[in-house]
Amino acid sequence: MNPLLKVEDLVSYIGLYTILQGVSVEINQGEAVALLGRNGAGKTTLLKTIMGLVDTRSGLIKLDGESLVGKPTYGIAKLGIGYVPEDYGVFDQLTVEENIKIAMWKEDKPTLEKRDYVLDLFPDLKMAYKRLAKTLSGGQRQMLSISRALVNENKIILIDEPSKGLAPVIIERLAQALKEISKTTTILLVEQNFALACAVAERYYMIDEGKTVDDGTIEELKQNTELQRKHLGVI
Amino acid sequence: MKLLKNIDKKTFIAIGVLLVVLSIVPHLAKLSTITLMSRIFILAVYAMSYDILRGYTGFINLGHALFFGSGAYIGGILFTKIDNTMGVFVLAVIITVIYCSLAAYIMGKIVLRGGGVIAAAMITLALGEIARNTAERWRSVTMGADGLPFKIPDIFRDRLGFYYYALIFLIIMTIILRQFILSPTGRVLMAIRENEQRATFLGYNTSKYKLIGLQVAGITSGLSGVMFGILNRFANTDLLSVQQTLNALLITLVGGTGTLYGAIVGSAFVNTVQNYLLDLRSVHPIFERWLLFFGAMYVVVVLFMPEGFVGLWNKYLKDRRTKKNSRVFEKGL
Amino acid sequence: MDIFVTLLINGLAEGALIFLMASGLSIILGLMGVVNFTHGTLFLWGGYIFVWIFTFTNSFILGVLGAIIIVFALGAFFEKFFVSRVYGNVPAQILITLGLQVIFTDLVRLFWGATPITVARPSYLAGTWTIGGVTIVQYRIFLIVVGLLIALGIHKLLSKTKIGMVIRAGVQRPDMVQALGINIKLYFTLVFAAGAALAGLGGALYAPLVGSISSTAGLHNQVLAFIVVVIGGMGSFIGSAAGSLFLGLMGAAVAWYAPSLAVVANVTLMALVLAFKPDGLFGLAVKK
């Protein structure tokens, strides 16, 4: 089976700095995959490069066999990638409703059903539906950002550190929601919170200094405390 | 000798040769060429004053002609109302210096508050237009839109003689501005241009330094205005207009910003082209519309030659040097 | 009392005209971070095209429509071929729009000459009403109504439509708008052209008010619009509306009570606002 998203030997720069120097990742239809690694390893840049927000120097990125390299960001998104950035990317001056509406490409029945599904998933958003997004808490912003990535029939969603800066209680709720989402959607998740990654993902890739250095199933990593210490500095 | 500290031998010889040529040329040239060259020298100083601002502080002042025009008017008004003597000329210079440093102070106080290149550009455009408007309405002194013709001191009457005064003016101002750039204050200005935030963190009051930069630029611009007025024996509101500011901008852009010398190269290029195009008026009336070409040149430079001539030249030198170095390196292997 | 009503109407009409320019300028600045120095030229083209069509066809409405359409196209041309090449580079944006301003202002002189062209108001707007001893110029009332309608229209557009949503979102996070699958460049062109069309409408309506159009009118009105944008807060639509009204009313009052101060009044106002509120009255932080 061909992978849904295939990244091979990806090299990208920001300004003069090489951030990625040979990353290879494959994600199959229906999987939930975690990108692990230390701060500054290049995980966020990988997501940004996939989205076309950072230019690719060399290597390839393919979604369903179609190359994404050189395509404009909006075109990449339209091919079926939902993106949830690290800082949520929520529009403060828009209401929750508008934030979701702006993400909807169509207003047909399936999209509206998706919207209702998302609002059921995050009741907080339903309650704050008519409020300006700038009044939301960090957790609610995260939920809103994830919701926007879900309202379209996306093939895959990229989520960047959803647990960052959130209270443990919220992280737990978020983990549940992501688990629920992963039943129907392919997910590529950047995460430093190992517990959250374990709860959601089945496989992982380890990135260090801009390269993929290891991969395997989350189960294996759970067993191998040596590897955890080496790459994540946890425990 | 301190002045020559940073100049290498080759450059020194080149400058020497250039000066010798420039002192001989007028004896062989037509009167119109002599006037054109005087114009080039004076507008080079004016453009350098602009470069101090844009090139060294990164701030785009669209009301810069305010100083230039004021200088021309101060000279003209004093020569008319008092007398056209050298004493009055000195007085005009002194008053221009005081007036321009005050005007720059006020302008700086208004502009440097809002912060940001965008706000500064919009506000200075408005300030410049106000100055032009005032001059147009204050007919009793400025003769309004008709312009103010005036008599100049006898010593400046001879075109050939004035050519040398203009050249000396350019040389003196270049030395002064170069010293300013190399001074501690100038260094801070350059640091601000590179990274304003860092300069702030280092404890520099960046607004204060920008204000000093604006004042130096304003005074220089005003003095070049006095000289330009004398060259034309005439001042009008065009000298205060946005167009006049854009002249300086185009000259520094064509020459290369942040280099001082770029202003001289740019002035020579732009004024020569303008002169040539205006000569073509008899060929086709489209050449009446110098501004069309001016604007087109402007857009082309911004899009395709953002570094200007001096920038291109420096790049050429650098490429050559790296090529040479790599050749040496290969030989070493 | 009479004079008060007259000044109020004059000021509001003046304010409405300034608003047509300032609102477009402000929205473009807010969304794209671009100060559009071609705005005065676009205003000028609106005026001249209106006069041109109006003299030919004798139809005021055709003239205004023609001005709007042609200036819209001109704005799209500017954005597509020049401004879009220098997004993110503020000095280059300022310089390139200044260059276009120079070229297109001179083209006006080339096509229509440098001397002012006179133009009359259409017969159905040329009259006056006298109510309780106050003479009211119909054309000024017309301007106020147009200004009000346009303001309401823009407000509705910004708050109720998808385009408005994208504009409001794009002001804050243009990258995220893209990542949601929206081609923001298309909106950039559209907004730039729409802002241009508003300036063109301003020019078209300005000519009959003053009775003539000349090539210097563009810059003059652009300066007023800049002052409004600085006072109102860069990128704020409400700010541009409030600022226009304020400048219009103050202009009318100063012109009546102290005409010699007319020139300095605007700048003094701007300096005062900046002294106390550097971000403008309705300050909205603009990137960079």
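Computed from a predicted model, the values in this text were never measured in an experiment.

Participant: Looking at this model, I keep getting lost on the environment of C:Gly170. Mind explaining?
Facilitator: If you trace the backbone, C:Gly170 turns up in helix H6 (residues 162-172). Taking the C-alpha atoms as reference points, C:Gly170 and C:Ala255, 85 residues apart in sequence, are found 40 Å from one another.

Participant: Is there a simple way to explain a positive patch on the surface in this structure?
Facilitator: Residue and element names in this part refer to chain B. Together, Lys10, Lys315, Lys318, Arg320 and Arg321 give the surface a local cluster of positive charge. No other element matches the 4 residues that helix H14 (residues 308-332) contributes to the positive patch. You can see Arg321 is positioned in helix H14.

Participant: What's the story with the sheet that holds strand S5 (residues 66-67) of chain A in this structure? I'm lost.
Facilitator: Remark on secondary structure: sheet strands pair via backbone hydrogen bonds, oriented parallel or antiparallel. Residue and element names in this part refer to chain A. Judged by pairing direction, the sheet is antiparallel, and its 4 strands sit side by side in the order S2-S1-S4-S5 without closing on themselves. Only two strands of the sheet have a single neighbouring strand rather than two, namely strand S2 (17-27) and S5. With 2 bridges connecting them, strand S4 (residues 56-63) and S5 associate as antiparallel partners. What sits directly across from Leu63, in S5, is Glu66.

Participant: Which parts of the structure should I look at to understand the pairing of strand S3 (residues 134-137) of chain C?
Facilitator: Within a regular strand, side chains alternate between the sheet's two faces. Residues and elements named next belong to chain C. Because side chains alternate across S3, one face comprises the buried residues Val134 and Ile136, and the other comprises Thr135 and Val137, none of which is buried. Of the strand pairs in this sheet, strand S2 (residues 128-131) and S3 are connected by 4 bridges, and their pairing is antiparallel. Counterpart to Thr130 in the pairing with S3 is Thr135. Hairpin geometry of S2 and S3 is characterised by an intervening segment of 2 residues between the two adjacent antiparallel strands and by a positive phi of about 55 degrees at Gly132.

Participant: How do you make sense of the interface of chain C and chain A when you look at a structure like this?
Facilitator: Put simply, an interface is often sized by how much accessible area is lost when its parts join up. Each side of the interface is counted separately: chain C has 17 residues, and chain A has 22 residues. For the pairing of chain C and chain A, the buried interface totals around 1,700 Å² over both sides, and the portion due to carbon and sulfur atoms is 63%. Its largest share of buried area at the contact with chain A, chain C owes to C:Met165, C:Met176 and C:Leu180, together 32% of the area lost on that side. The tally of links between chain C and chain A comes to 2 salt bridges. Of the charged contacts in the structure, one is a salt bridge between A:Asp87 and C:Arg173, with a shortest N-O distance of 3.0 Å. At the junction of chain C with chain A, the criterion picks out 8 residue pairs in polar contact (both at pLDDT 80 or more). Looking at the side of chain C that touches chain A, the elements that each hand over two or more residues are H6 and helix H7 (174-179) of chain C. Take the side of chain C that touches chain A: its biggest share by element is 6 residues, from H6(C). Across the side of chain C that touches chain A, the residue classes break down as 8 nonpolar, 5 polar and 4 charged.

Participant: Please clarify how the nonpolar core should be interpreted in this entry.
Facilitator: Residues A:Leu46, A:Ile50, A:Leu188, B:Leu62, B:Tyr298, C:Phe50 and C:Leu205 are the most contacted members of the largest nonpolar core, which totals 272 residues. With sequence-adjacent residues up to four places away left out, A:Leu46 is seen in contact with A:Val7, A:Leu10, A:Leu20, A:Val23, A:Val25, A:Leu35 and A:Ile207. Listed in part, the 11 residues of the second largest apolar core include A:Ala34, A:Phe194, A:Tyr204 and A:Met206.

Participant: What exactly am I supposed to notice about the UniProt feature "transmembrane region" (unreviewed entry) in chain B here?
Facilitator: All names here are of chain B. As recorded in UniProt, the feature "transmembrane region" (unreviewed entry) lies at residues 12-29, 59-79, 86-106, 112-131, 162-181, 212-234, 246-270 and 290-313. Taken end to end, residues 59-79 has its terminal C-alpha atoms 34 Å apart, with 71% of it in helix and 0% in strand. Counted over residues 162-181, helix gives 100% and strand 0%. Its end C-alpha atoms are 28 Å apart.

Participant: Quick question: what am I supposed to make of the interface of chain C and chain B here?
Facilitator: Counting residues at the interface gives 38 residues for chain C, matched by 36 residues for chain B. Along the contact surface separating chain C from chain B lie 0 salt bridges. Linking chain C to chain B there are 1 residue pair in polar contact (both at pLDDT 80 or more). For the side of chain C that touches chain B, the leading source of residues is helix H4 (residues 90-112) of chain C, giving 15 residues.

Participant: What is the right way to read the environment of C:Thr189 from this model?
Facilitator: Residue and element names in this part refer to chain C. With respect to the secondary-structure elements, Thr189 resides in helix H8 (residues 184-210). Thr189 sits in the buried class, given a relative accessible area of 13%. The sequence separation of Thr189 and Ala22 amounts to 167 residues, and the corresponding C-alpha distance is 18 Å. Among all residues touching Thr189, those that are not within four sequence positions of it are Ala76, Glu79 and Lys80.

Analysis parameters
- Residues numbered from 1 in each chain as written.
- Chains lettered and ligands numbered in written order.
- Predicted model: local features only at pLDDT ≥ 70, side-chain atom pairs only at ≥ 80, totals over all residues.
- Heavy atoms only, no water.
- Helix = DSSP H or I, 4+ residues; strand = E, 2+ residues; numbered from the N terminus.
- Patch = residues over 30% accessible without salt bridge, like charges linked within 9 Å, V, L, I, M, F, W, Y side chains within 5 Å.
- Areas by Shrake-Rupley, 256 points an atom, 1.4 Å probe, with all protein chains shown as cover.
- Salt bridge = Lys/Arg side-chain N within 4 Å of Asp/Glu carboxyl O.
- Lys, Arg positive; Asp, Glu negative; His and termini not counted.
- Charge placed at Lys NZ, Arg CZ, Asp CG, Glu CD.
- Pairing = 2+ DSSP bridges.
- Buried < 20%, exposed > 50% of the residue type's maximum accessible area, 1.4 Å probe, protein only.
- Contact = heavy atoms within 4.5 Å.
- Buried area = accessible area lost by both parts, 1.4 Å probe.
- Polar contact = N/O pair within 3.5 Å; in protein donor to acceptor, adjacent residues only side chain to side chain.
- Nonpolar A, V, L, I, M, F, W, Y, C, P; charged D, E, K, R; others polar.
- Core = buried A, V, L, I, M, F, W, Y, C linked by side-chain atoms within 4.5 Å.
- UniProt positions renumbered as here; feature names shortened; annotations may be inferred.

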